[in-house]
Amino acid sequence: MKKNQKGFTLIELLIVVAIIGIIAAIAIPSLLRARVSANEAGTIGDIRSIISSQAAFQSAANGWYAPITCLSTPAGCITAYPTNAPTFLDQTMAAMGAKSGYNRSFTPGSVPTGLPAGIINVLDGYCYGALPSSVGQTGVRGFGGDASGRVCQNQAGTDECNALSALAATCNVIQ
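Description of the structure in this document. (Residues numbered from 1 in each chain as written. Predicted model: local features only at pLDDT ≥ 70, side-chain atom pairs only at ≥ 80, totals over all residues. Heavy atoms only, no water.)

### Structural notes on the sheet that holds strand E4 (residues 151–154)
The strand order E1-E2-E3-E4-E5 describes an open sheet built from five strands, whose pairing is antiparallel. Every other strand in the sheet has two partners, leaving strand E1 (102–108) and strand E5 (172–173) as the edge strands with one partner each. With four bridges connecting them, strand E2 (residues 126–132) and strand E3 (residues 142–146) associate as antiparallel partners. Counterpart to Ala 130 in the pairing with E3 is Phe 143. (Pairing = 2+ DSSP bridges. Helix = DSSP H or I, 4+ residues; strand = E, 2+ residues; numbered from the N terminus.)

### Considerations on helix H1 (residues 10–60)
With 51 residues, H1 should reach 75 Å at 1.5 Å per residue; the first-to-last C-alpha distance of 73 Å fits that figure. Inspection of H1 places Val 36, Asn 39, Glu 40, Thr 43, Ile 44, Asp 46, Ile 47, Ile 50, Ile 51, Ser 53, Gln 54 and Phe 57 among the buried residues, and these make up the whole buried set. Lining the buried residues of H1 we find helix H2 (68–72), helix H3 (91–94), E1, E2, E3 and E4. Trailing H1 by a residue or two, Asn 62 shows a phi angle of about 55 degrees, which is positive. (Expected span 1.5 Å × (residues − 1). Buried < 20%, exposed > 50% of the residue type's maximum accessible area, 1.4 Å probe, protein only. Contact = heavy atoms within 4.5 Å.)

### Description of the side chain of Asp 46
Position of Asp 46 relative to the elements: it lies in helix H1. Beyond its immediate sequence surroundings of up to four residues, Asp 46 is in contact with Met 93, Lys 99 and Arg 104.

### Regarding the state of the cysteines
Here the structure, examined in full by the defined rule, presents three disulfides. Disulfide pairing places Cys 70 opposite Cys 77 at an S-S distance of 1.5 Å. Residue class for Cys 70 comes out buried when judged on its relative accessible area of 2%. Sulfur-sulfur distance for the disulfide between Cys 127 and Cys 161 comes to 2.1 Å. (Disulfide = S-S within 2.5 Å.)

### Structural notes on the pairing of E3
Taken across its five residues, E3 has five buried, putting it largely inside the fold. Here E3 shows a buried face lined by Gly 142, Gly 144 and Asp 146 and a second buried face lined by Phe 143 and Gly 145. Note: E3 against E4, four bridges, orientation antiparallel. Counted as the bridge partner of Gly 144 is Cys 152 from E4. In this structure, the hairpin formed by E3 and E4 is closed by a connection of four residues, where Gly 149 is found at a positive phi of approximately 90 degrees.

Put into structure tokens, the structure is as follows:
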């Protein structure tokens, strides 16, 4: 009497599992590289947004730059700035938390003296830096942008800002 068996043999199942393992081993590194590229592109975009918002604030504040919190609440830095007027930067970016696999830093310049009436809590410069939360996994390069309008990178994954609230002298400008 012949039995009509249905299903897969153990060998067939092992072959399928091996094929899936090979495909995963090929695909996972590509997905990780894509994630790193996306994190880096998002961070570069954020730095450009900070530079643009600082330029807009500078034009409203007689040539001075803002502490990062003033970009999202400018009424505390420019006394005549209407509370219902648009802000220069979204509050989530001004919060300085980790974002897109990068830790953010803001190095303020010095606080000027003898400010014109209506201008308070401003700076003479700034540097906004970003370094990967986990070098090699969330990002590879370190980035920075300052009052010069340049966005710089380094391959070491370190912050591009120096203690003088400006980009490092070895700045490698992103075109």
